[in-house]
Amino acid sequence: MNESGENLEKWKKRMHVFGERLKRFPCLAWKTTWKVGYDDPRRVIHAFKVGLSLTLVSLLFLLEPLFKGIGENAIWAVMTVVVVFEFTAGATLCKGMNRGLGTLLAGLLSFLLDYVANESGQILQAVFIAFAVFIIGSATTYMRFIPYIKKSYDYGVAIFLLTFNLLTVSSYRVDNVVKMARDRFYTIAIGCAICLFMSLLVFPNWSGEDLRHSTAFKLEGLAKSIEACVGEYFNGEIEVSGDIKSCDDSIYKGYKAVLDSKSTDETLALHGSWEPRHFRYCHKFPCQQYVKVGTVLRQFGYTVVALHGCLRTEIQTPRSVRVLFKDPCIRLAAEVSKVLIELANSIKSRRHCSPEILSDNLREALQDLNTAIKSQPRLFLGSNDIQANNMLATIASSHGKSSLSSVKTDSSALLDWKTKSVSAEQTMEAEQLQERKALRSQMSKIVITSLEFSEALPFAAFVSLLVETVAKLDLIIDEVEELGRLACFKEYRHGDEFSVRCEKPRVDVMDNHFPSHGGD
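The text that follows walks through the structure, step by step, so that each part is easy to find. (Residues numbered from 1 in each chain as written. Predicted model: local features only at pLDDT ≥ 70, side-chain atom pairs only at ≥ 80, totals over all residues. Heavy atoms only, no water.)

1. Comments concerning the overall build of the chain
(1) Moving on: Looking only at helices and strands, the chain has 19 helices and 2 strands in total.
(2) Moving on: Here the chain, with 520 residues, has 40% of them falling under the buried criterion.
(3) Moving on: Excluding contacts between residues fewer than 6 apart, the proportion of contacts in the chain whose partners are at least 24 apart in sequence is 82%.
(4) Moving on: Of the roughly 29,800 Å² that the chain leaves accessible, carbon and sulfur atoms contribute 61%. (Helix = DSSP H or I, 4+ residues; strand = E, 2+ residues; numbered from the N terminus. Buried < 20%, exposed > 50% of the residue type's maximum accessible area, 1.4 Å probe, protein only. Contact = heavy atoms within 4.5 Å. Areas by Shrake-Rupley, 256 points an atom, 1.4 Å probe, with all protein chains shown as cover.)

2. A look at the side chain of Thr80
(1) Moving on: Mapping Thr80 onto the fold places it in helix H4 (residues 75-84).
(2) Moving on: A relative accessible area of 0% means that Thr80 is categorised as buried.
(3) Moving on: Apart from the residues within four sequence positions on either side, Thr80 is in contact with Phe85, Arg99, Ile188, Gly191, Cys192 and Cys195.

3. So, the nonpolar core
(1) Moving on: Core analysis: the biggest nonpolar cluster contains 61 residues, and Phe300, Leu340, Leu343, Phe462 and Ile476 have the highest contact counts within it.
(2) Moving on: Secondary structure elements with two or more residues in this core: helix H10 (207-235), helix H11 (250-259), helix H12 (262-274), helix H13 (287-309), helix H15 (326-349), helix H16 (360-374) and helix H19 (433-486).
(3) Moving on: Top contributing element to this core by residue count: H19, with 11 residues.
(4) Moving on: Leaving out residues up to four positions away in the same chain, Ile476 has contacts with Leu219, Val296, Leu297, Phe300, Leu340 and Leu343. (Core = buried A, V, L, I, M, F, W, Y, C linked by side-chain atoms within 4.5 Å.)

4. Section: unusual backbone geometry
(1) Moving on: Of note in the backbone geometry, Phe203 takes a positive phi value of approximately 45 degrees without being a glycine.
(2) Moving on: In this structure, Cys488 is a non-glycine residue whose phi angle is positive, near 60 degrees.
(3) Moving on: Mapped onto the elements, Cys488 comes out in the loop between H19 and strand S1 (493-494).
(4) Moving on: Taking relative accessible area as the criterion, Cys488 reaches 43% and is therefore assigned partly exposed.

5. Focus: a nonpolar patch on the surface
(1) Moving on: A cluster of nonpolar side chains, contributed by Leu52, Leu56, Leu59, Phe61, Leu62, Leu63, Leu66, Ile75 and Met79, occupies part of the molecular surface with about 750 Å² of accessible area.
(2) Moving on: Counting residues per element, the ones that place at least two in the nonpolar patch are helix H2 (42-62) and H4.
(3) Moving on: Within the secondary structure, Leu56 sits in helix H2.
(4) Moving on: Take Leu56: its relative accessible area is 36%, and that puts it in the partly exposed class. (Patch = residues over 30% accessible without salt bridge, like charges linked within 9 Å, V, L, I, M, F, W, Y side chains within 5 Å. Salt bridge = Lys/Arg side-chain N within 4 Å of Asp/Glu carboxyl O.)

6. Let's talk about the side chain of Gln289
(1) Moving on: With respect to the secondary-structure elements, Gln289 resides in helix H13.
(2) Moving on: Exposure remark for Gln289: the relative accessible area of 5% places this residue in the buried category.
(3) Moving on: Aside from chain neighbours lying at most four places away, what touches Gln289 is Glu479, Glu482, Leu483 and Leu486.

7. Looking at the environment of Lys338
(1) Moving on: Mapping Lys338 onto the fold places it in helix H15.
(2) Moving on: When its relative accessible area of 52% is taken as the criterion, Lys338 is described as exposed.
(3) Moving on: For Lys338 and Ser359, which are 21 residues apart along the polypeptide, the C-alpha to C-alpha distance reads 10.0 Å.

8. Let's talk about the packing of aromatic side chains
(1) Moving on: Inspection of the entire model under this criterion finds 13 aromatic pairs.
(2) Moving on: On the basis of an interplanar angle of 75 degrees and a centroid distance of 6.1 Å, the ring pair of Tyr153 and Trp274 is categorised as edge-to-face. With a gap of 121 residues between them, Tyr153 in the loop between helix H7 (147-152) and helix H8 (154-170) and Trp274 in helix H12 connect regions that are remote in the sequence.
(3) Moving on: A relative accessible area of 25% means that Trp274 is categorised as partly exposed.
(4) Moving on: Ring geometry for Phe234 against Phe459: centres 6.4 Å apart, planes inclined by 85 degrees, an arrangement best described as edge-to-face. One end of the pair, Phe234, is in helix H10; the other, Phe459, is in helix H19, and 225 residues separate them in sequence. (Phe/Tyr/Trp six-rings, centres within 6.5 Å; stacked < 30°, edge-to-face > 60°.)

9. Topic: the packing of helix H5 (residues 89-118) against H8
Helix packing geometry: the angle between the two helix axes and the distance between the axes.
(1) Moving on: Relative to each other, H5 and H8 sit at 35 degrees, their axes nearing to 7 Å. As for how H5 packs across H8, the hand of that crossing is right-handed. Touching Lys95, Asn98, Arg99, Gly102, Thr103, Leu105, Ala106, Gly107, Leu109, Ser110 and Leu113 of H5 are Tyr155, Gly156, Ile159, Phe160, Thr163, Phe164, Leu167 and Thr168, all from H8.
(2) Moving on: For the contact of H5 with H8, the class distribution of residues is 9 nonpolar, 8 polar and 2 charged. (Axes fitted to C-alpha atoms, helices over the stretch in contact; angles between N-to-C directions. Left-handed = near helix turned anticlockwise from the far one by under 90°. Nonpolar A, V, L, I, M, F, W, Y, C, P; charged D, E, K, R; others polar.)

Set out below in structure tokens:
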């Protein structure tokens, strides 16, 4: 009785939870629908365009004269609109041309084989059709593994294979296969024509424009990531954790969009190469150069990832040490961010970069950081190790009975020495007990000294990565300038006059890196 009552209570609770979720469903569905359209209003327009295209091709069924001319093959027009109509004009062109070309070639080849097969008997015709299907099917499938075919014409090859098999096999049982193929080609052509008209002429969405805005967005994201990363390192509370805080982390979101963009960039570039020249001066769209820019941005993004990783290391440099280099590091990060923002604005507005993109401020920030590092040589030149060596030498001379032949400051060497000492002096353990206690206390001081030096290493890695971002800026600038040349960007305009572009100053990072052991 009690068990049945508990089951009833559980069932009531589940139904209550289900009822609450059902009540919230309309609100949640409306919020999701609104957010999708609010994030990109072009999605709403695209949905209406697809609906209108489907309505137009449905007239092939609804209007009696058109249905009598084409018949049930009109369904292929509807299927073509559903499959071919993509969000951007380039994607629609790519699929439409692939579908049309594949259907045409398959029809021509099937007509040729049908003509040859009809000259033989019925048995030979069946054998010939089976052999042709095997050869064409195998060869076509193998062609799909070729990188160039797979990248640009995979959909067209699949349509060719499907159409060829349908027409060739049907020709053995259907008498008027030519009419069937013709009607199917007409309906596919009608469907593709409607898709291209709606995609190219009615509020078009261009893949090239999406790629251009995506590249500018990635540059801005990297700029925000670098500033946020350096700001958190010096101003925020660093959490010693191996996990990234959350996907909402501004640092993570900035470089994640760059690292995940390879396939998207290549797809947009492929579709952009199919698009007509729709710009004002009809310049060719340099899709492959955008891919190259994306490549160098990902290389830059890897450095930002490593920079972010310095915030999550187990050993952290004390805040008292970090604060000594706060101002030059923050200034350098701000200058790097300014360069990235300028490159993003250059791509957005289709103009060349400012001649002063690598300004004197960036060089001065790099030199200030170098000066700040040289002012604290004990953190980076290993002076603590020298002190540890002197300490161990003194210990060794005052304890001549021990078997310490050579002294190193690293923990592995100390462990090896300890093991050898214990194994060699098992018989003398009682006599040297007091000496080993004294030596162990001295070694504890050495370990502490080395740990203090190791705490400076994470900061050295952080600064090194920050300087590396400056070095990689040159690669990004070169690719963006080449992009501007190929896309015929307008000259940089300052005020009301066009400025003359000049050679950008180079920042020699190697001369501003960490001081060597022979430095100050």
